[in-house]
Amino acid sequence: MQQQQYKVNNKIFDSIESAGEYMLTLKRSATMEVYTPPSAASIKLNVVRNILIREMLEWAGSFVHSMAPSTEPCWMYSVEDANGFSDAGDTWYEDLEEVTYGNNLMWEDAKHDYESAVQNFDCLFGDYNSVDTVEKLSEMLNTMYHTMSDHSSETDDYIGEVRDSIEKMCANNPNIAHSYDHPRRRTTISFSGNVNSMYKAYMQERNS
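Reading the values: the criteria
Residues numbered from 1 in each chain as written. Predicted model: local features only at pLDDT ≥ 70, side-chain atom pairs only at ≥ 80, totals over all residues. Heavy atoms only, no water. Pairing = 2+ DSSP bridges. Helix = DSSP H or I, 4+ residues; strand = E, 2+ residues; numbered from the N terminus. Axes fitted to C-alpha atoms, helices over the stretch in contact; angles between N-to-C directions. Contact = heavy atoms within 4.5 Å.

Participant: Report on the sheet that holds strand E3 (residues 32-35), specifying residues and quantitative values.
Facilitator: The strand order across the open sheet formed by 3 strands is E2-E1-E3, and the pairing between neighbours is antiparallel. Since the sheet does not close on itself, it has two edges, and those belong to strand E2 (11-13) and E3, each with one partner. Along the sheet, successive strands turn relative to each other by an average axial angle of 35°, direction set aside. Pairing analysis gives 3 bridges linking strand E1 (residues 5-8) to E2, with the strands arranged antiparallel. Following the sheet pairing, Lys-7 is matched in E2 by Ile-12. Lying over the sheet, helix H1 (residues 16-24) contacts E1, E2 and E3, oriented at roughly 15° with respect to E1.

Participant: Residues and numbers for the pairing of strand E4 (residues 77-80), please.
Facilitator: Across 4 bridges, E4 lies against strand E6 (residues 100-103) in antiparallel orientation. Note on E6: the bridge partner recorded for Tyr-77 is Asn-103. The pairing of E4 with strand E5 (residues 86-88) spans 3 bridges and is antiparallel. Across the sheet, Ser-78 pairs through a bridge with Ala-88, a residue of E5. Connecting E4 to the next strand, E5, in antiparallel fashion are 5 residues, including Gly-84 with a positive phi near 95°.

Here is the structure:
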């Protein structure tokens, strides 16, 4: 039978007496809790969850980089003269009169898509500790993808790029499956790996 353990301020004690003695040394009040060590299964799931989170964060980070504006300088601005002629900056405008310079829509869209990618990436930060079953791994992965592909304000270019990016990532990752519902135009990703195999492979690499 496993000995009951106790936890005080993230310190683990093998008896209630030793936990109580520690509490007496503290200058501030503390709470003693019964502590149950994680099972072997939960330890493996924790490792696999963190592996998947790393893979999703690094995919999302790479996607953000890919969305950095690469608009040609002459397409970053537009010109308009007093007679209503307007065009991008790649036109001959030096001989126009009363020229007004402004933003170009292509540049605005590129900036907007990049800013959206950055904001969506920031929304991935947080605590995933509630993901404590294999079934929830799929929910987590799908939620992370749809956070990055938030359709509320992105352009069609953004949506197309993020769909293409996740499809390519999943094609090279045996642990994350990809499917696309054409009628609903909706991407779904899910966990397709094996917890025991992934844990074993990780520990072998970690300890090599």
